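Results of the structural survey
Spelled out, the chains give:
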Amino acid sequence: MAKSLLLCLLLLSAYTYVFAHYNHPKTLVSTVTKNPILPIFTFTLNTNEEFFIHISGPYIVRKCNDGLPRPIIPCGSAACAQTRRVNPYQCPATQNTIINGRCACQATAFEPFQRVCGSNQFTYGGLSMSSLNPRSPSVTFKNVYSLCVPNIFLPDFPPGVFGLMGLAPTALAGWNQLTPPNLGLEKKFALCLPSDENPKNKGAIYFGGGPYKLQNVDARSMLSYTQLIKNPRKLNTYFLGLKSISVNKKKILLAKNAFDFDGNSDGGVTLSTVNPFTTLRSDIYKVFIKAFSKATLGIPRVKSTTSLEFCLKSTKSFQVPRIDLEFADGKIWKVFAANSMKKVSDDVACLAFLNGGNAAEQAVEIGMHQLENILMEFDVGRSAFGFSSALGLVNASCGDFQTQP
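Residues numbered from 1 in each chain as written. Predicted model: local features only at pLDDT ≥ 70, side-chain atom pairs only at ≥ 80, totals over all residues. Heavy atoms only, no water.

The name an unreviewed UniProt entry gives the chain is Chitinase CLP, with Cardamine amara subsp. amara as the organism.

See the structure below:
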């Protein structure tokens, strides 16, 4: 009898382990789309709610317009204290409120398009997302922290966009709420943002460690990694250690500290899923444009009719020099024509870089056009940023990633 009981317990233990091993998702995934109304990238949560991808957002922001009461997060809680650490530096300090006689935590979000601040109740609730595990194709997770905001805060968001998925390197960011002890995913997420030229106009977002299946290949093998660096006064932003910029394999001549932080923690090199094009501080932009102009002397110039200043006549055999971003650890991000030029008409293409002026907040802010149709991995646990070359070089696009079990 004792032996039979022991055997049953062993079998039950083995079954429990196997069940947990094969049903616990290692990666969550969703299709990414580029919104045709506002230039933002969104993905789906809760079956039909679109969330705007904001890699500098410190937490999740959700629309709450039903008038229903929300769970209260106490003012003295650890979660409330964390909101204060990552309060957007563009906004004033947040004040808490009283709900039903209790001190309720409030948090603040910075809306990047109108550039306004809004404060409201910080709360928690459930979210669901699809996974690549056929045994559990959808995963629901409870007690996800988010900032609950009324419609008035996001008036220009297109219909169907329910909120903002903050993916900053912060404790309350969406990716971090899926890691232990909550869900158990690795401390990383990956993005492939679709381009206008992609006929499928689809991309992918992954939470967890992959694999990232691209045409039956694990695209992690395509990634080069460079170090993410921190700015103690701007905790909501990913910074990269850029060392130099080259045009046609020739380094442009810049001050030695051109990409460094200054005494106010401005400067540095960062990434944006808000601004459409890469912005360079004026001293960098002028040297860069001069070098690019010299390297394209054989191509007829066209007068610009957009915010992009440097435009060329585009033909079928149109070729422009490659732009290289070299990091301090020697890794090189190669920017080819598909990401350096923006087609504005059938026969005109403009260099997709903007002059940010002398008072630009960052030395370089790499914009959405330069991030499209490449795979990026934010391995926050290792403080590493992975990037691929343009997927078009291997006859692929972001729409070719597997987003279904």
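That shown, we press on.
It is worth spelling out empty space enclosed by the protein at this point. One pass over the full model with this rule turns up three cavities of 30 Å³ or more. Roughly 80 Å³ of volume is contained in the largest cavity. Looking at the lining of the largest cavity, the elements with two or more residues in it are strand 20 (278-280), strand 23 (323-327) and strand 28 (364-366). Its residues assigned to classes, the lining of the largest cavity comprises nine nonpolar, two polar and no charged. Of the voids in this model, the second largest cavity is the one considered here, and its volume is about 60 Å³. Forming the boundary of the second largest cavity are F43, L45, I60, L127, M129, F141, V144, M165, G174, Q177, L178 and F207. Secondary-structure elements contributing two or more residues to the lining of the second largest cavity are strand 2 (41-45), strand 8 (116-130) and strand 9 (138-149). Here the residues of the lining of the second largest cavity are counted per class, giving ten nonpolar, two polar and no charged. (1 Å grid on protein atoms, 1.4 Å probe; cavity = no way out; pocket = protein on both sides within 12 Å on 5 of 7 lines; lining within 4 Å. Points joined across faces, edges and corners; volume = space filled by probe spheres on them. Helix = DSSP H or I, 4+ residues; strand = E, 2+ residues; numbered from the N terminus. Nonpolar A, V, L, I, M, F, W, Y, C, P; charged D, E, K, R; others polar.)

Let us look at the state of the cysteines. Taken as a whole and judged by the stated rule, the model has six disulfides. The disulfide that involves C64 links it to C148, with 2.1 Å between the sulfurs. One end of the pair, C64, is in the loop between strand 4 (61-63) and helix 2 (78-85); the other, C148, is in strand 9, and 84 residues separate them in sequence. Since its relative accessible area comes to 18%, C64 is described here as buried. (Disulfide = S-S within 2.5 Å. Buried < 20%, exposed > 50% of the residue type's maximum accessible area, 1.4 Å probe, protein only.)

Our focus in this paragraph is the packing of aromatic side chains. Considering all chains together, one arrives at 20 aromatic pairs under this definition. When the ring of F43 is compared with that of F207, the centres are 6.1 Å apart and the planes differ by 50°; the resulting orientation is tilted. Of this pair, F43 sits in strand 2 while F207 sits in strand 12 (residues 202-208), and the two are 164 residues apart along the sequence. Each member of the pair, F43 together with F207, is buried. Centre to centre, the rings of Y206 and F401 are 6.2 Å apart; their planes meet at 70°, and the pair counts as edge-to-face. Separated by 195 residues along the polypeptide, Y206 in strand 12 and F401 in the segment after strand 30 (384-387) bring together distant segments of the chain. A relative accessible area of 6% means that F401 is categorised as buried. Aromatic ring contacts, followed pair by pair, group F43, F189, F207, Y238, F327, W333, F378, F385 and F387 into a single cluster. The lysine or arginine in question, R382, covers the ring of Y225, its NZ or CZ lying 5.1 Å from the ring centre. (Phe/Tyr/Trp six-rings, centres within 6.5 Å; stacked < 30°, edge-to-face > 60°. Lys NZ or Arg CZ within 6 Å of the ring centre and 35° of its normal.)

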